[in-house]
Amino acid sequence: SAVLITKTLLFAGDTGDAVMGGFGIDGPAKFRAFDKKTGKVLGAVSIPAGLTSGPMTYEVDGKQVIVFAIGSRSHAPEWVALALK
């Protein structure tokens, strides 16, 4: 899976089976935030399917947002956007 790295965090999600020749998750998956120094998982959210793109980040009105595409052979492609507190 492609990752997103910030000053203190690393974000990564399970890869969907729609990429890499069918390898990956077919069904519910997780998107996680890790502490870069310790490797500890700081948070995780369930998503309907694995990632089919690398996560991207941007800021809107002072709020950081992470966006990525998901999909699998049994889940239609879609975009997921998560706002960070």
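Please read all numbers here as calculations on a predicted model, not as lab measurements. (Residues numbered from 1 in each chain as written. Predicted model: local features only at pLDDT ≥ 70, side-chain atom pairs only at ≥ 80, totals over all residues. Heavy atoms only, no water.)

Asker: What exactly am I supposed to notice about the sheet that holds strand β7 (residues 75-83) here?
Answerer: Two orientations exist for strands paired in a sheet by backbone hydrogen bonds: parallel and antiparallel. Across the sheet, which stays open at both edges, the three strands sit in the order β5-β6-β7 with antiparallel pairing between neighbours. Taken across any chain shown, the strands that pair with only one partner, and hence form the sheet edges, are β5 (56-60) and β7. The sheet shows a mean angle of 25° between the axes of neighbouring strands, direction not considered. Where strand β6 (residues 63-72) meets β7, seven bridges bridge the pair, whose relative direction is antiparallel. Its bridge partner being in β7, isoleucine 66 is matched across the sheet by leucine 82. (Pairing = 2+ DSSP bridges. Helix = DSSP H or I, 4+ residues; strand = E, 2+ residues; numbered from the N terminus. Axes fitted to C-alpha atoms, helices over the stretch in contact; angles between N-to-C directions.)

Asker: Whenever I open this one, the pattern of salt bridges confuses me. Can you help?
Answerer: Pairing between side chains becomes possible if they bear opposite charge and their charged atoms approach one another. Applying the stated criterion across every chain yields a total of one salt bridge. Here arginine 32 and aspartate 14 are joined by a salt bridge, their closest N and O atoms 3.2 Å apart. Taken together, the residues arginine 32 in strand β3 (residues 29-35) and aspartate 14 in the loop between β2 (9-13) and β3 connect sequence positions 18 residues apart. (Salt bridge = Lys/Arg side-chain N within 4 Å of Asp/Glu carboxyl O.)

From the geometry alone we can't say anything about function, so treat these as descriptive.
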